[in-house]
Amino acid sequence: MHDSGRRQFDLPSGAGNPRGLLIAAVIFVCSVLLLSTALHVRWDKAQAMAKSTEAMQTLAAALNSQAESTFRVADTVLTALISMHHSGGHGEANIRELNQVARAQISELGELDGLYMSDASGQYFLATNGETQSYNNADRVYFQHHQQGSGNELYIGQPVKGKTTGQWVITLSKGIYDDDGTFLGVALATLSVERFRTLYRSLPLGEQGIVVLAKRDGTILARSESDAQTYLTNISQSPMLKAINQGIDKGSVTLTAIVDGVRRIYGFDASPKYPVLVAVAMPEEAALAAWKQRAWAMWGFALAAVLGVGIMGLLVLRALGRQSAMAVELHAAHQSLATANSTLKTLATEDGLTGLANRRHLDGYLASVFQRARSDGTPLAFALVDVDFFKGYNDAYGHQRGDQALIEVSRAMRALMRREGDLVARYGGEEMAIVMPQLEAQPAVAMAEQVRAAVQRLGIEHRQSAYDQVTVSIGVVAGIPGDDFATVDEMVAAADRALYAAKGQGRNRVVLAAL
Ligand SMILES: Nc1nc2c(ncn2[C@@H]2O[C@H](COP(=O)(O)OP(=O)(O)OP(=O)(O)O)[C@@H](O)[C@H]2O)c(=O)[nH]1
């Protein structure tokens, strides 16, 4: 009972402070949760960025290939027209045929907006849109480019507002030269900027997405978001153009635009055949929108888990606290029970007035020493001590003084008991008993005599006594249990008879029982 109580009480502070361990474990689990979430969210962001970057690059490559094939068509048609002009000459019939072929090409090839040919003065002699006589393109940059001698190369010029259509067009031109290289004019194909814009705007890049078709020198040819100003803008200073001009034909870069302050992921791809490139960009925010949602969900989950672990930790802490309080209470209860037990034990074995062993204890003790002495064959002595004329004492001095006298007599008796095993008990009323194991008659009588003398020495006044003071009469019995007396009762009766004899002989004396 005592042990288990002790174990329970030790539990909260035992095993290296479980509260501290629990708090450390909760902090550890929460930290791991938060850290792993942070790492996962970071990794997920990097993945999202990588995916978008790859998508931008792929899209740029596809759009570049689309632009390149359009330019190739124009290149081929212009080469064919120049060849026809070269072989058929500038006669009226050939010019008419050239016009017919050109118109047929335009209606067949959706990519081209118009086809034109002008002579060395810039005067049109072929135009699929409008009247040839009305226009002259000698003022155009591309005209002057070919006039200065450009060989067979296709020249991609700056977008211009078409003289025949009034629409913004990309000009693709080739110079017309005779066999000795004399400049004869220019063959021109125009591409509708709007056609590119429509395609670029159809791509799912969001409101702030950008697609740009530009020349390597930074001239913008077409742009998803465009106004007239766009075509006068030059992007040669952009990091992309710089990279391309350093020989990096494709790649990606994340930039914050100076114009609108939007951070975008750019993918770019430069054509190996023509001096053009396509750049595609989407705002970083759009690229990371899905990731952001996932990140919120992940953080939400992590925080909920942290909260859950925290609450569980608190509950366990409270339970531990309760257990600890219960253990303390249990311990206190156990202590008071132990105290009560020992008090009870004392009460059960002690006489309340004199503090001597009580009758109950005497009976048990006597039975056990009697038994042991009988089996060991050792002697046992027993004495009955009775206060003389005690009734008279009570009558003369009152019951309380009588009690006091009993207490003093008891104290004097107990003071004489120095042998281990000797027991002084209150036999009943004013009668006491002494158990003296392993003592023979003579020393037992001597001990009884010491008791009698000690009581007398107390000198307690007793006017009703023949001795004028409190005295005791003692009946002593001693012998081998089993041999000299068969039972405890026999032994006690012998002592009682001796006491009776002592009384009869005048009191204040010791009488040894005859066996
Ligand atoms: N004050 C007090 N008196 C007690 C106690 N126990 C017994 N007595 C009294 O002790 C007295 C015993 O009286 P008796 O048995 O007549 O014997 P006695 O007067 O001592 O006479 P003898 O034994 O013949 O000398 C009674 O008056 C009891 O009331 C006690 O605990 N306190």
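Quantities reported herein were computed from a predicted structural model and do not represent experimental measurements. Along each chain, residues carry numbers from 1 onward, in the same order as the chain's sequence is written. With the structure being a predicted model, the display of local features is reserved for residues of pLDDT at least 70 and the display and counting of side-chain atom pairs for 80 or more, all residues being used for whole-chain, interface and lining totals.

A. Here's a closer look at the overall build of the protein. Assigned secondary structure in the protein consists of 13 helices and 16 strands. Residue burial is a threshold on neighbouring C-beta atoms within 10 Å of the residue's own C-beta, all placed from the backbone, with 20 or more meaning buried, 12 or fewer meaning exposed, and counts in between meaning partly exposed. Relative to its full complement of 515 residues, the protein shows a buried share of 34%. Distance between backbone-placed C-beta atoms decides contact: two residues are in contact if it is within 7 Å. Long-range contacts, defined as pairs at least 24 residues apart, comprise 63% of the intrachain contacts of the protein with a sequence gap of at least 6. A run of H or I in DSSP counts as a helix once it spans at least four residues, and a run of E counts as a strand once it spans at least two, with each numbered from the N terminus.

B. Geometry of the nonpolar core. Put simply, a nonpolar core is a cluster of buried Ala, Val, Leu, Ile, Met, Phe, Trp, Tyr and Cys residues tied together by C-beta atoms within 7 Å. One finds Leu 81, Leu 172, Leu 213, Phe 268, Val 278, Ala 279 and Val 280 to be the most contacted residues of the largest nonpolar core, which totals 63 residues. When residues are assigned to domains, this core turns out to be shared by domain 1 (1-192 + 288-345) and domain 2 (195-287), each giving three or more. Apart from the residues within four sequence positions on either side, Val 280 is in contact with Met 56, Leu 59, Ala 60, Leu 63, Val 211 and Gly 267. Source of the domain bounds: an automatic or database domain assignment.

C. Quick look at the sheet that holds strand S15 (residues 472-479). A pair of strands counts as paired when DSSP detects no fewer than two bridges linking them. Ordered in space as S13-S14-S12-S15-S16, the 5 strands form an open sheet in which the pairing is mixed. Of all the strands in the sheet, the pair left with one neighbour each is strand S13 (423-428) and strand S16 (510-512). Put simply, the sheet's adjacent strands are angled 20° from each other on average, direction ignored. Pairing between S15 and S16: 3 bridges, direction parallel. The residue of S16 that forms the bridge with Val 476 is Leu 512. Contacts between helix H12 (residues 441-458) and the sheet are confined to strand S12 (380-387), strand S14 (431-437), S15 and S16, with S15 contributing the most and set at about 165° to the helix. With axes taken as lines fitted to C-alpha atoms, and helix axes fitted only over the stretch in contact, angles between N-to-C directions fall between 0 and 180 degrees.

D. Region of interest: the sheet that holds strand S7 (residues 210-215). If you walk across this open sheet you meet the 5 strands as S8-S7-S11-S10-S9, and the pairing is antiparallel. Each edge of the open sheet carries a strand with a single partner, namely strand S8 (220-223) and strand S9 (250-256). For this sheet, the mean inter-axis angle between neighbouring strands, taken without regard to orientation, is 20°. Sheet analysis places S7 next to strand S11 (residues 276-283), joined by 6 bridges and oriented antiparallel. Considered in S11, the bridge of Lys 215 is made with Val 276. The sheet strands contacting helix H5 (residues 193-201) are S7 and S8, and the helix crosses S8 at an angle near 45°.

E. Spatial organisation of the packing of helix H2 (residues 18-88) against helix H3 (residues 92-108). Where H2 contacts H3, the two axes come as close as 10 Å, and the packing angle between them is 165°. Here H2 lies roughly antiparallel to H3, going by the angle between them. In the packing of H2 onto H3, the handedness of the crossing is right-handed. Judged by residue contacts, Val 77, Leu 81, Met 84, His 85 and Gly 88 of H2 engage Asn 94, Glu 97, Leu 98, Val 101, Ala 102 and Gln 105 from H3. Ten residues, namely Ala, Val, Leu, Ile, Met, Phe, Trp, Tyr, Cys and Pro, are considered nonpolar, four, namely Asp, Glu, Lys and Arg, are considered charged, and the remaining ones, Gly among them, are considered polar. Looking at the contact of H2 with H3 residue by residue, the classes come out as 6 nonpolar, 4 polar and 1 charged. An angle below 35 degrees is read as roughly parallel, one above 145 as roughly antiparallel, one from 65 to 115 as roughly perpendicular, and any other as oblique. The handedness criterion is simple: a crossing whose near helix is rotated anticlockwise from the far helix by less than a right angle is left-handed, and one whose near helix is rotated clockwise is right-handed.

F. Summary view of H3. Look at H3: 24 Å from first C-alpha to last across 17 residues, which is about the 24 Å you get at 1.5 Å a residue. Taken together, the buried positions of H3 are occupied by Leu 98, Ala 102 and Gln 105. Relative to the axis of H3, the buried residues are bounded by an arc of 60° and lie together on one face. Those residues of H3 that are exposed and aimed more than 90 degrees away from the buried face are Glu 92, Ala 93, Arg 96, Gln 100, Ala 104, Ser 107 and Glu 108. Structurally, H3 contributes buried residues whose contacts are with H2, strand S1 (114-119) and strand S2 (124-127). One fewer than the residue count of a helix, multiplied by 1.5 Å, yields its expected span. In this description, one arc is meant: the one made by directions from the helix axis to the C-beta atoms.

G. Helix H9 (residues 359-376), seen in detail. The end-to-end C-alpha distance of H9 is 25 Å, a good match for the 26 Å that 18 residues give at a rise of 1.5 Å each. Taken together, the buried positions of H9 are occupied by Leu 362, Leu 366, Val 369, Phe 370 and Ala 373. Down the axis, H9 shows its buried residues gathered within 110° of arc, on one side only. Turned more than 90 degrees off the buried face of H9, the exposed positions are Gly 364, Ala 367, Ser 368 and Ser 375. In this fold, the buried residues of H9 make contact with S12, S13, S14 and helix H13 (488-504).

H. Here's a closer look at the UniProt feature "transmembrane region" (unreviewed entry) in the protein. The UniProt entry lists residues 20-41 and 297-317 under the feature "transmembrane region" (unreviewed entry), expressed in the numbering used here. The annotated region residues 20-41 carries 100% helix and 0% strand content, and the separation between its end C-alpha atoms amounts to 31 Å. UniProt positions are given in the numbering used here, feature names are shortened, and annotations may be inferred rather than shown by experiment.

I. Region of interest: the packing of helix H11 (residues 399-416) against H12. The contact between H11 and H12 brings their axes to 9 Å, and the two run at 135°. Taken together, the axis directions place H11 and H12 in an arrangement best described as oblique. H12 is crossed by H11, and the crossing has right-handed handedness. Touching Glu 408, Val 409, Ala 412, Met 413 and Leu 416 of H11 are Gln 450, Val 451, Ala 454, Val 455 and Leu 458, all from H12.

J. The arrangement of the site of the ligand in detail. Nearness here has a simple definition: the residue's C-beta atom, placed using the backbone, must lie within 6 Å of the molecule or strand. The full set close to the ligand counts 17 residues, and Asp 388, Phe 390, Lys 391, Gly 402 and Gly 429 are the nearest of them. Elements supplying a minimum of two residues to the shell around the ligand: S12, helix H10 (390-397) and H11.

K. Local environment of unusual backbone geometry. Phi angles above zero are rare outside glycine, and Phe 389 is one such case at about 45°. Along the chain, Phe 389 turns up in the loop between S12 and H10. By C-beta crowding, Phe 389 is classed as buried, having 20 other C-beta atoms within 10 Å. Although it is not a glycine, Arg 507 adopts a positive phi angle of roughly 70°. We classify Arg 507 as partly exposed; it has 17 C-beta atoms within 10 Å.

L. Structural detail: the pairing of S14. For S14, the tally of buried residues reaches 6 of 7 residues, placing the bulk of the element in the interior. Two elements, S12 and S14, share 7 bridges in a ladder whose sense is antiparallel. Each bridged residue has a counterpart across the sheet, and for Val 385 the counterpart in S14 is Met 432. Connecting S13 to the next strand, S14, in antiparallel fashion are 2 residues, including Gly 429 with a positive phi near 55°.

M. Structural view of the pairing of strand S5 (residues 168-177). Of all 10 residues in S5, 9 are buried, a share of seventy percent or more. The sheet contact formed by strand S3 (residues 155-156) and S5 spans 2 bridges and is antiparallel. Within S5, the residue paired with Ile 156 across the bridge is Leu 172. Pairing geometry for strand S4 (residues 160-161) and S5, over 2 bridges, is antiparallel. Across the sheet, residue Lys 161 finds its bridge partner in S5, namely Trp 168. Where S5 and strand S6 (residues 183-192) come together, 9 bridges link them in antiparallel fashion. The residue bridging Leu 172 from the neighbouring strand is Ala 189, located in S6. Turn length for the S5-S6 hairpin, with the two strands adjacent in sequence and antiparallel, is 5 residues, and the turn residue Gly 181 shows positive phi of about 90°.

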